[in-house]
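Chain residues, written in single-letter form:
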Amino acid sequence: MASAEEKLLFSSLLVFSLIATVSSRGAVYTPPTVPSLTNRFNRVSINQGYSESFGHSNIHILNNGSNANLVLDKSSGSGLVSQSKYNYGFFSAAIKLPSGFTSGVVIAFYLSNADLYPHNHDEIDIELLGHEKRRDWVMQTNIYGNGSVHTGREEKIYLWFDSTQQFHQYSILWNSHHIVFLVDNVPVREFVHNSASSSVYPSKPMSVYATIWDASEWATHGGKYPVNYQYAPFVASFGEMEMEGCVWNPKVSAASCPRSSGLSSLDPVEGQEFVKLSQEQINGLEWARRKLLFYSYCKDTTRYKVLPPECKPN
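Because the structure is predicted, anything quoted here is derived from the model rather than measured. (Residues numbered from 1 in each chain as written. Predicted model: local features only at pLDDT ≥ 70, side-chain atom pairs only at ≥ 80, totals over all residues. Heavy atoms only, no water.)

Trainee: Would you mind going over the pairing of strand E5 (residues 86-96) with me for this structure?
Mentor: In terms of residue burial, E5 counts as a mostly covered element, since 10 of its 11 residues are buried. As paired strands, E5 and strand E14 (residues 234-247) are joined by 9 bridges and run antiparallel to one another. Its bridge partner being in E14, tyrosine 86 is matched across the sheet by valine 247. Bridge count between E5 and strand E10 (residues 168-174): 7 bridges; the pairing is antiparallel. Among the inter-strand pairings, alanine 94 is bridged to a residue of E10, identified as glutamine 169. (Buried < 20%, exposed > 50% of the residue type's maximum accessible area, 1.4 Å probe, protein only. Helix = DSSP H or I, 4+ residues; strand = E, 2+ residues; numbered from the N terminus. Pairing = 2+ DSSP bridges.)

Set out below in structure tokens:
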């Protein structure tokens with residue numbers, strides 16, 4: 001029979017083991033209740049809404065177009081691009097991330113018009129960055145407007161769940177009032193359109209992209225931990241795709257753009273309801289930034305001797 005001292009030692013080791021397991025996956029939190037924007041918009045079949053962008057052999061369409069597996073291996077990454085371009089809208093994807101050693105791997109869900117405006121492009125990014133030491137992934141958001149690529153507007157957060165075990169929703173709301181990044185409908189960042197940000201605010205029609213690629217050159221401490229293809233293939237699973245908003249038509253003004261689904265004469269993406277966050281959404285945003293934010297360009301005085309104008313308090 002074990003002595004009291006042995007039982008105490010065993011209990012201590014068990015607690016330590018549990019703590020180590022949790023810390024290796026990142027902290028687990030329960031977010032506040034927020035409105036479910038993803039339930040308000042129709043899902044689009046990947047076959048109908050997207051085309052191949054690159055990596056043909058590494059794109060696998062599943063379940064009659066409801067899902068897609070995008071693969072990164074030593075030969076290539078892979079990506080999808082929307083068949084339409086948008087003046088503004090709500091864009092969402094449920095993504096399940098690869099597990100294991102994923103240093104240098106980046107899975108991105110983003111908007112861009114670099115194909116139309118190579119020297120003056122806009123971009124709104126969700127980038128999920130593989131980690132070199134722990135199992136948890138990091139989410140980076142970024143915004144470029146009018147070719148402002150030399151002034152990155154990155155922010156990084158930890159996720160509050162194990163993103164490799166099941167699908168989670170990553171969403172972007174973009175209109176003339178603000179850009180909001182959401183995870184499982186919880187706002188994690190808001191970039192407001194005002195006089196300070198107007199010169200770099202994305203304003204031209206953009207396509208939607210879903211990609212997986214090798215970002216060894218920059219994703220982990222400037223390339224210190226490149227992708228290790230011993231652990232390949234890396235598979236990112238996408239589903240529950242939503243693209244709702246103003247489809248770009250060069251012959252029609254964006255100001256008169258109807259809701260693309262035709263479900264309502266009101267436009268819920270650019271309309272009054274989406275001018276600002278609700279109180280529940282504000283609570284969610286404040287919670288996420290307090291608990292999970294660990295890098296913001298607005299706090300990076302080493303990188304910016306003079307912070308960008310939108311960083312200054314009102």
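On we go from here.
Trainee: What should I look at first to understand the sheet that holds E14 in this one?
Mentor: The sheet built from 7 strands is open, its strands ordered E2-E3-E14-E5-E10-E11-E12 with antiparallel pairing. This sheet does not close on itself; its edge strands, each paired only once, are strand E2 (59-62) and strand E12 (186-192). Direction aside, neighbouring strands of the sheet carry axes that sit 20 degrees apart on average. (Axes fitted to C-alpha atoms, helices over the stretch in contact; angles between N-to-C directions.)

Trainee: Help me out: how do you make sense of the environment of alanine 114 in this one?
Mentor: Tracing the sequence through the fold places alanine 114 in the loop between strand E6 (105-112) and strand E7 (123-129). Residue class for alanine 114 comes out partly exposed when judged on its relative accessible area of 34%. A C-alpha to C-alpha distance of 9.2 Å links alanine 114 and serine 207, two positions 93 residues apart in sequence.

Trainee: Honestly, helix H3 (residues 279-291) in this entry has me stumped. Any pointers?
Mentor: Quick reminder: α-helices carry 3.6 residues per turn. Residues three or four places apart thus point the same way. In a regular helix each residue adds 1.5 Å, so 13 residues correspond to 18 Å; H3 covers 18 Å between its end C-alpha atoms and thus fits that length. Looking only at H3, the buried set comprises Gln281, Gly284, Leu285, Trp287 and Ala288. The arc enclosing the buried residues of H3, seen along the axis, measures out at 165 degrees, which places them on a common side. In H3, the exposed positions angled more than 90 degrees off the buried face are occupied by Gln279 and Arg290. For H3, the elements touching its buried residues are E12 and strand E15 (293-296). (Expected span 1.5 Å × (residues − 1). Arc of directions from axis to C-beta. Contact = heavy atoms within 4.5 Å.)

Trainee: Sorry if this is basic, but what is going on with the pairing of strand E11 (residues 178-183) here?
Mentor: Consecutive side chains along a regular strand alternate between the two faces of the sheet. Across the 6 residues that make up E11, a large majority, 6, are buried. A two-sided burial pattern is seen for E11, the buried positions comprising His178, Val180 and Leu182 on one face and Ile179, Phe181 and Val183 on the other. As defined by bridge partners, E10 adjoins E11 across 5 bridges and the pair is classed as antiparallel. Directly across from leucine 173, in E11, lies its bridge partner valine 180. Counted along the chain from E10 to the antiparallel partner E11, the turn is 3 residues long. In sequence, E11 turns back onto E12 through a hairpin of 2 residues, with aspartate 184 there showing a positive phi of about 50 degrees.

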